[in-house]
Structures are given as structure tokens and as C-alpha cells.
Amino acid sequence: MASPKHPGSPGWTGPIAKCTAGTKQEASAAGRDLPCPGPEGHLDAHGGPSPNSSMTTGELQEYWRKEKRCWRRVKLLFEVASARIEERKVSKFVMYQIVVIQTGSFDSNKAVLERRYSDFEMLQKSLLKTFREEIEDIVFPKKHLMGNFTEEMISERKLAFQEYLSLLYAIRCVRRSREFIDFLTRPELREAFGCLRGGQYGRALDILVRVVPLQEKLTAHCPVMLVPALCAMLVCHRDLERLAEAFAAGERALQCLQAREGHRYYAPLLDAMLRLAYALGKDFVSLQEKLQESQLRKPSPWGFTLKELTVREYLY
């Protein structure tokens, strides 16, 4: 019979995740990533192969191939592949289909999204508030009073928007900005979290599976920004009784957090993970110890479950 000392058992009174609602937004982790370590025992003080290394030529070549991959920045290519005219009761506009792929290798997770002229216009206005000098030489396609729906104008704007996104992405501070990342991911994330709040877990997962790979590429400089979406995936999988998939999503989220105990998701995520670990027959003791240590170091007056926390995301 299950012991009440274990999570998931009747009467279990283990620690419940607590966190402060509305903490400060996590700061971006700037700077280059550290190089991947080579074979253990063969590196010098600077992280390269030691002159006295016994590595074979093949091992050295493989080491430098891995090293090159680690230092190579993820580069994205933007293509405005097509456009369609959307007609509604009180409005008519053009939707531009944007395809985003990672260059340098085969990308099986290319992102496909749609944006209209007004979306691009809002992006431009928000970027001008912070990066006016950085983007002063980037030309934004002008709005015309007439002829916006002609084939010639649509083709011209497709090329213009494609160049616009590429030029913005080439500027480091812009491509890492909240404004640029939100333009490419926020509408889809809002829809996914809206589905989660409505109990449409399958639909939410379908959207998250498409948008999370793009968000991951855009936020490589600050992995913690990926945490809410990964936690949403955990919640959806768990409520669909896909516990192994839920646990895998949670592991990715914990890796992104890198033991940031002050983050609002840290304690609720640990609590959800130890319950999943217990249900899956995995080691939950280490997770429980981390949660207890976190609560001892920084007790929080308000408690939220992971689901209660995720449903508060992207409300506005």
C-alpha cells in the first residue's frame, strides 16, 4: 500500500510549490556561450587540446568539428513565401506567409506564420522607440492609399518585408529584443495559451509544437524565456495523461532555468516534476530535496500550482 509520505498518495503532505505572482521579468543572459568541452584530460588551460595530448588525428578532427558547431551562432533565414487577400465583413487586408528556417543545416522544424501589414507596422513603431539609431537606415515599406491589393503591389511588398526582416535580424540588439521575438511568436503563443485555458489541450499542443522550435532559436541567448511554453506543454501532456511526454517537457524547462531558484516557475515546476517522477517510477527524491531546499532558502507567501501559473500567461 502506498505510503502517505510519497507524492500522489492519499494523505501525502509533502511540500507544495509556492512562488510569487508577478515577479520581475528575468534579465537576458548576454554574452557568448562557453565552448563545448573536448575529451576529458586532453585540454589545456585555454580549453584547447593539450600539446601533450594522446588524441589521434581522427579524434582531433572530431574535436574541432564539435568545437566549430558549438561556436557557430544560429542563423535564421526569412522568406515571405506567399500572400493571400483576407476579406471580412468590415475589412480587407493581405496576409503574408513568412517561412523561417535555420541556415547551415537541414531544418526539419521550419516555422510558417502569417502576418498582415499592420503587424509589421506595429513592429516598426515599437522598435523605433528603443532602436531608432540602429534601424535608421532600414527602409520600411510605405502604406499606399490605393492599389494595395494589386498583384504588383503584393509582390513588391513580399520582397520588401523579406528584406526588412533579414536586415532587422542582422542587428544583434534587435534580433534579441522582446519586440522582435514577440512579433514572430506572440500571436501563436497567445492562441496556444488561450486553448490551454479553455481545456483544449490537444489544440494547444499542436500550436506549441510548431512555435516552440522557433522560439528556442530566437532565445538561444536567454533560454529562460522558453520556460512558460515548455511548462504549458507539460501541463497539456499531463492532463492528456501522456506522463512521459510531460516529464520530458519538464526536464527541458528545468535545464533552461539552470537552478534559478528565484524564478517564479522554479518551485511549481519542481513540484509538478516530482509528482510525475513518482507516477512514472522515476527518482523523485532528488527533486523533492531540491524543492525543500528552495523553500527553506526563499519561502514564498503565495502558492500556485504549475497549471495556475501557466494559465496566467499571455492574457493581454
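Residues numbered from 1 in each chain as written. Predicted model: local features only at pLDDT ≥ 70, side-chain atom pairs only at ≥ 80, totals over all residues. Heavy atoms only, no water.

Going by the annotation in an unreviewed UniProt entry, the name recorded for the chain is Sorting nexin-20 isoform X2, with Leptonychotes weddellii given as the source organism. Its UniProt record gives the chain a comment under Subcellular location (unreviewed entry), which states: "Early endosome membrane". Taken from UniProt, the Sequence similarities (unreviewed entry) comment for the chain reads in full: "Belongs to the sorting nexin family." (UniProt positions renumbered as here; feature names shortened; annotations may be inferred.)

Overview of the packing of aromatic side chains
To describe a pair of aromatic rings, one takes the distance between the centres and the angle between the planes. The tally for this structure, following the rule as stated, stands at 13 aromatic pairs. With a centroid separation of 5.5 Å and 65 degrees between ring planes, the pair formed by F78 and Y169 is classed as edge-to-face. With a gap of 91 residues between them, F78 in strand 1 (residues 76-87) and Y169 in helix 3 (residues 151-169) connect regions that are remote in the sequence. With relative accessibility at 1%, the residue F78 sits in the buried group. Taking the relative accessible area as the measure of exposure, Y169 reaches 8% and is therefore buried. Between the aromatic rings of Y169 and F180, the centroid separation amounts to 6.5 Å while the plane-to-plane angle is 35 degrees, which identifies the pairing as tilted. (Phe/Tyr/Trp six-rings, centres within 6.5 Å; stacked < 30°, edge-to-face > 60°. Helix = DSSP H or I, 4+ residues; strand = E, 2+ residues; numbered from the N terminus. Buried < 20%, exposed > 50% of the residue type's maximum accessible area, 1.4 Å probe, protein only.)

So, the nonpolar core
Residues F78, Y164, L168, L208, L234 and L269 are the most contacted members of the largest nonpolar core, which totals 79 residues. Looking at this core, you find at least three residues from each of domain 1 (72-176) and domain 2 (201-315). Each residue touching F78, except ones within four places of it in the same chain, is listed here: I98, V99, V100, Q162, L165, S166, Y169, F180 and L184. (Core = buried A, V, L, I, M, F, W, Y, C linked by side-chain atoms within 4.5 Å. Domains from an automatic or database assignment. Contact = heavy atoms within 4.5 Å.)

Overview of helix 10 (residues 285-297)
Taking 1.5 Å per residue as the helical rise, helix 10 with its 13 residues ought to reach 18 Å, and the 18 Å between its terminal C-alpha atoms agrees with that figure. Along helix 10, the positions that sit buried rather than exposed are L287, Q288, L291, S294 and Q295. All buried residues of helix 10 project into a common sector of 125 degrees when viewed along the axis, lining one side. In this structure, helix 10 carries L296 and R297 as exposed residues pointing more than 90 degrees from its buried face. (Expected span 1.5 Å × (residues − 1). Arc of directions from axis to C-beta.)

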